[in-house]
Amino acid sequence: MSISSKKPLYYQLKQTLLKWIEGGDYPPGSILPSEKQLQDSFGISRTTVRMALKELEQEGFLVRSPGKGTFVASMKIESGPRRILSFTQEMLNMGLQVSNQVVSLEKELPVIRTANKLQIPQDQPVWRLERIRMADSVPIATEVNYIPAALVPNMEAQLAQNQSFYSCLEEE
């Protein structure tokens, strides 16, 4: 790290830590040196160290646990402004194998909050679809969707054919 560089010190530290992470020096799940150790090693202030760690945490590279340390995140899934893609398409774009596990698919009457959000009467049935979304066989998310049953009357049959949720919606 160089004080004479035009790049701020926190940014230089951030780049160094990122090289360590991406280079495999700190694999997913490993703990980074403490803020104090980084401060002493690089001869910079604790505020500078915290700024670098905070940005890496916000970008999904680190997970900070007060009293325990700063750990390298196990998987970084990039997200940002762009057109909406299905979970399946996003994971495939990242080179990951996608799978889903349907936990439940039930037709039910919505609670008032759900009916209001869907802008339907409370007596109109909805599908409640709960799934575990996986990338490379690693559970990434639990997803619960509420869909007006009138929009997708054949949801059970379509999901039984392993169609994607977005495909079901597009067809109907």
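The numbering scheme is per chain: residues are counted from 1 as the chain's sequence reads. Local features in this predicted model are restricted to residues whose pLDDT is 70 or higher, and side-chain atom pairs enter the listing and the counts only when it is 80 or higher, whereas totals over whole chains, interfaces and linings include all residues. Water and hydrogen atoms play no part in the side-chain values, which are based on all heavy atoms of the structure.

Caption draft 1: View of the pairing of strand β1 (residues 62–65). One ladder, built from four bridges, connects β1 with strand β2 (residues 69–72); its direction is antiparallel. Paired with V63 across the two strands is F71, which belongs to β2. At least two DSSP bridges between two strands are required for those strands to pair. Helix and strand definitions follow DSSP, with helices as H or I runs of at least four residues and strands as E runs of at least two, each counted in order from the N terminus. The antiparallel pairing of β1 with β2 creates a hairpin that spans three residues between the two strands, and G67 there sits at a positive phi of about 85°.

Caption draft 2: Summary view of the packing of aromatic side chains. Centre distance within 6.5 Å is the pairing criterion for rings of Phe, Tyr and Trp, where only the six-membered ring of Trp is used; planes under 30 degrees apart are then read as stacked, over 60 as edge-to-face, and the remainder as tilted. Following the criterion strictly, the structure yields two aromatic pairs and no others. Ring centres 6.1 Å apart and planes at 35° place the aromatic pair W20 and F42 in the tilted group. Residue W20 is located in helix α1 (residues 9–22), and its partner F42 is located in helix α2 (residues 35–42); the two are separated by 22 residues in the primary sequence. When a residue's accessible area, from a 1.4 Å probe over protein chains only, is under 20% of the maximum for its type it is buried; when over 50% it is exposed; and in between it is partly exposed. The class for W20 is partly exposed, based on a relative accessible area of 22%. A residue is classified by how much of its surface remains accessible, and F42, at 24% relative accessible area, is partly exposed. The rings of W20, Y26 and F42 are connected pair by pair, giving a single aromatic cluster.

Caption draft 3: Representation of the nonpolar core. Grouping buried Ala, Val, Leu, Ile, Met, Phe, Trp, Tyr and Cys residues that are joined through side-chain atoms within 4.5 Å yields what is termed a nonpolar core. Ranked by internal contacts, the top residues of the largest apolar core, which has 14 residues, are L13, L17, V49, L53, L56, F61 and L62. Of all the secondary-structure elements, those providing two or more residues to this core are α1 and α3 (46–58). Residues in contact with L13, not counting those within four places in the same chain, are M1, F42, I44, V49 and A52. Of all hydrophobic cores here, the second largest spans eight residues; its members include W127, L129, A149 and F165. In this description, contact between two residues means that some pair of their heavy atoms is separated by no more than 4.5 Å.

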